[in-house]
Amino acid sequence: MATTQKITSNLWFDDQAEEAATFYTSIFKNSHIGKITRYGKAGYEFHRKAEGSAMTVEFFIEGQQFVALNGGPDFKFNEAISFIVNCDTQEELDYYWERLSEGGDEKAQMCGWLKDKFGVSWQIVPSILTDLLNDASAGQSEKVTEAIFKMKKLDIVTLQNALLEVPEEK
């Protein structure tokens, strides 16, 4: 018997669940699509989806289970929920930024945040960002924060250099 993940993120789409799951699993190396459930005749008066069309698409990214639901146009994504992608190198950060932002909302890009073509918000951040902000003096942390607010896609070298602009307090 398979172990069920205790908490699973459920993403509500109008009718793009399969497309979105395919898009996300094409970006992340350790990912795959799982079970797909399909709408039947039952409940058509509520869901208005064609019989045989995808109702839910289970997919996995880096061991994390997600479910994409074709629930209709009632609900839209917003920035109140986002997914953080921690990146160890600038090359990795650039890769995820470019891939996830393809066809997305360029006006929604700032401080490492982007909105993909489905309206889902992502934060593409260097893994060292928390250390840069928390292990620094107050003045250094301020300089790093100022640098973040000047960027759309984050640049690791620029953030590290901002840390060096203010000497450590003794």
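Summary of the structure given here. (Residues numbered from 1 in each chain as written. Predicted model: local features only at pLDDT ≥ 70, side-chain atom pairs only at ≥ 80, totals over all residues. Heavy atoms only, no water.)

### Let's talk about empty space enclosed by the protein
If you roll a probe as big as a water molecule over the atoms, it shows you where there is empty space left.
Argument step 1. Throughout the structure, instances matching the rule amount to 1 cavity of 30 Å³ or more.
Argument step 2. Taken as a whole, the largest cavity spans an internal volume of roughly 30 Å³.
Argument step 3. As for the largest cavity, its lining consists of Leu-11, Tyr-24, Phe-59, Ile-61, Phe-66, Phe-83 and Trp-122.
Argument step 4. Among the residues forming the lining of the largest cavity, the class breakdown is 7 nonpolar, no polar and no charged. (1 Å grid on protein atoms, 1.4 Å probe; cavity = no way out; pocket = protein on both sides within 12 Å on 5 of 7 lines; lining within 4 Å. Points joined across faces, edges and corners; volume = space filled by probe spheres on them. Nonpolar A, V, L, I, M, F, W, Y, C, P; charged D, E, K, R; others polar.)

### A look at the packing of helix 1 (residues 17–27) against helix 3 (residues 90–101)
Argument step 1. Running from N to C, helix 1 and helix 3 point in directions that differ by 165°, and their axes come no closer than 10 Å. One element, helix 1, and the other, helix 3, form an angle in the roughly antiparallel class. Both helix 1 and helix 3 take part in a crossing whose hand is right-handed. Across the interface between the two elements, Phe-23, Tyr-24, Ser-26 and Ile-27 from helix 1 touch Tyr-95, Tyr-96, Arg-99 and Leu-100 from helix 3.
Argument step 2. Split by residue class, the contact of helix 1 with helix 3 holds 6 nonpolar, 1 polar and 1 charged. (Axes fitted to C-alpha atoms, helices over the stretch in contact; angles between N-to-C directions. Helix = DSSP H or I, 4+ residues; strand = E, 2+ residues; numbered from the N terminus. Parallel < 35°, antiparallel > 145°, perpendicular 65-115°, else oblique. Left-handed = near helix turned anticlockwise from the far one by under 90°. Contact = heavy atoms within 4.5 Å.)

### Focus: the layout of surface pockets
Argument step 1. As a volume, the largest pocket reaches approximately 230 Å³.
Argument step 2. Taken together, Phe-28, Ile-61, Glu-62, Gln-64, Phe-66, Phe-83, Ile-84, Val-85, Asn-86, Glu-92, Tyr-96 and Trp-122 make up the lining of the largest pocket.
Argument step 3. Every element with two or more residues in the lining of the largest pocket is listed here: strand 4 (64–70), strand 5 (82–87) and helix 3.
Argument step 4. Looking at which element gives the most residues to the lining of the largest pocket, the answer is strand 5, with 4 residues.

### Quick word on the packing of aromatic side chains
Argument step 1. Counted according to the given criterion, the structure contains 14 aromatic pairs.
Argument step 2. Residues Phe-23 and Phe-118 carry aromatic rings whose centres are separated by 5.8 Å and whose planes lie at 65° to one another, so their mutual orientation is edge-to-face. Of this pair, Phe-23 sits in helix 1 while Phe-118 sits in the loop between strand 7 (113–115) and strand 8 (121–126), placing them 95 residues apart in sequence. Each member of the pair, Phe-23 together with Phe-118, is buried.
Argument step 3. Cluster of aromatic residues (ring-pair linked, three or more members): Phe-13, Phe-23, Tyr-24, Phe-28, Phe-59, Phe-66, Phe-77, Phe-83, Tyr-95, Tyr-96, Phe-118 and Trp-122. (Phe/Tyr/Trp six-rings, centres within 6.5 Å; stacked < 30°, edge-to-face > 60°. Buried < 20%, exposed > 50% of the residue type's maximum accessible area, 1.4 Å probe, protein only.)

### Regarding the sheet that holds strand 3 (residues 54–61)
Pairing between the strands of a sheet comes from backbone hydrogen bonds, and it takes one of two forms, parallel or antiparallel.
Argument step 1. Reading across from one edge, 1-4-3-2 is the order of the 4 strands in this open sheet, with mixed pairing throughout. A strand with exactly one partner marks an edge of an open sheet, and here the two such strands are strand 1 (9–13) and strand 2 (31–38). Between one strand axis and the next, the sheet turns by 20° as a mean value, whatever way the strands run.
Argument step 2. As paired elements, strand 1 and strand 4 share 5 bridges and run parallel to each other. Residue pairing in the sheet places Asn-10 in a bridge with Val-67 of strand 4.
Argument step 3. Against the sheet, helix 1 engages strand 1, strand 2, strand 3 and strand 4, with an angle of about 10° to strand 3. (Pairing = 2+ DSSP bridges.)

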